[in-house]
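# Overview (structure and organization)
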Amino acid sequence: QKEVEQNSGPLSVPEGAIASLNCTYSDRGSQSFFWYRQYSGKSPELIMFIYSNGDKEDGRFTAQLNKASQYVSLLIRDSQPSDSATYLCAVKEAAGNKLTFGGGTRVLVKP
Amino acid sequence: NAGVTQTPKFRILKIGQSMTLQCTQDMNHNYMYWYRQDPGMGLKLIYYSVGAGITDKGEVPNGYNVSRSTTEDFPLRLELAAPSQTSVYFCASSATGTSGRLGYNEQFFGPGTRLTVL
């Protein structure tokens, strides 16, 4: 069974600080990795995806991938109260479009 | 475009009752998915479809059935509802073809249906 693991949190960070979220996965054949943000009571929305080892930056978000360690992370720089949400890590199977989701990390940004 | 729509938004069922959760997308996506999300947890794939007339089981299909007679609609049927099916249900869709080097297409989610079985 493919597994995706995340620390459930909550991860409490002061406004303006960096929030660091981690995700590990079991399927060594996985190729594509995604971060979804989910506000309370809302549906998930895609914020980042990465498929090459290293860093990928998009605005205040940076995704980091290390396939050898089966580890993907998300950094949120200059955290804002509006970043308070649950962040879901998802891993795509090698063939097809199915995603396996982690349990999510709840982030609280305090003013 | 409305994107992915789901009805109803909320529903309370008694044990043993049946119902159909409706999902419609207007983006002409071939791929559609049904997930459930239990409190404080991630999403679990129930069923998915790669096109009209083609469906397949996901990780947690027991107690559910699906059909896909059109590209737009992908209803989820619950037969003999049980308290273990209390959850939030999300429908999603994605395009076929390739987007980026590894052939991923973003999944777009509907607003969800909150179901309680008492």
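So, here is what we can say about the structure in this document. (Residues numbered from 1 in each chain as written. Chains lettered and ligands numbered in written order. Predicted model: local features only at pLDDT ≥ 70, side-chain atom pairs only at ≥ 80, totals over all residues. Heavy atoms only, no water.)

### What to know about the overall build of chain B
- Counting its secondary structure elements, chain B contains zero helices and eleven strands.
- Ordered by position from N to C terminus, the α and β elements of chain B give β-β-β-β-β-β-β-β-β-β-β.
- Rg of the C-alpha trace for chain B: 14 Å, near the compact-globule value of 13 Å for 118 residues, within the 12% margin.
- Overall, chain B is about 45 × 30 × 25 Å in size when its C-alpha atoms are taken along their principal axes.
- Across the 118 residues that make up chain B, the buried fraction comes to 44%.
- Sequence separation of 24 or more characterises 56% of the internal contacts of chain B that already satisfy a separation of 6 or more.
- Accessible surface, chain B as shown: approximately 5,700 Å² in total, 52% of it carbon and sulfur.
- Where the 10 positive side-chain charges of chain B centre and where its 8 negative ones centre are 7 Å apart. (Helix = DSSP H or I, 4+ residues; strand = E, 2+ residues; numbered from the N terminus. Rg over C-alpha atoms; globule rule 2.2 N^0.38 Å. Buried < 20%, exposed > 50% of the residue type's maximum accessible area, 1.4 Å probe, protein only. Contact = heavy atoms within 4.5 Å. Areas by Shrake-Rupley, 256 points an atom, 1.4 Å probe, with all protein chains shown as cover. Lys, Arg positive; Asp, Glu negative; His and termini not counted. Charge placed at Lys NZ, Arg CZ, Asp CG, Glu CD.)

### As for the packing of aromatic side chains
- Going through the model one piece at a time under the given rule, you end up with twelve aromatic pairs over all chains.
- Look at Tyr25(A) and Phe33(A): their rings are 4.7 Å apart centre to centre, the planes differ by 45°, and that puts the pair in the tilted class.
- Its relative accessible area of 0% is what places Phe33(A) among the buried residues.
- Seen in terms of ring centroids, Tyr35(B) and Phe109(B) are 5.6 Å apart; in terms of plane orientation they differ by 40°. Their pairing is tilted. Taken together, the residues Tyr35(B) in strand β4 (residues 31-37) and Phe109(B) in strand β10 (residues 108-109) connect sequence positions 74 residues apart. The same class applies to Tyr35(B) as to Phe109(B), namely buried.
- Clustering of aromatic rings is evident, with ring pairs tying together Tyr36(A), Phe101(A), Tyr31(B), Tyr33(B), Tyr35(B), Phe90(B) and Phe109(B).
- The residue whose ring lies beneath Lys56(A) is Phe49(A), and the NZ or CZ to ring-centre distance is 3.7 Å. (Phe/Tyr/Trp six-rings, centres within 6.5 Å; stacked < 30°, edge-to-face > 60°. Lys NZ or Arg CZ within 6 Å of the ring centre and 35° of its normal.)

### So, the interface of chain A and chain B
- Across the contact, 20 residues belong to chain A and 24 residues belong to chain B.
- Counting the surface chain A buries against chain B, the share from its top three residues, Asn97(A), Lys98(A) and Phe101(A), is 31%.
- Our enumeration of links across chain A and chain B arrives at zero salt bridges.
- Connecting chain A to chain B are two residue pairs in polar contact (both at pLDDT 80 or more). (Buried area = accessible area lost by both parts, 1.4 Å probe. Salt bridge = Lys/Arg side-chain N within 4 Å of Asp/Glu carboxyl O. Polar contact = N/O pair within 3.5 Å; in protein donor to acceptor, adjacent residues only side chain to side chain.)

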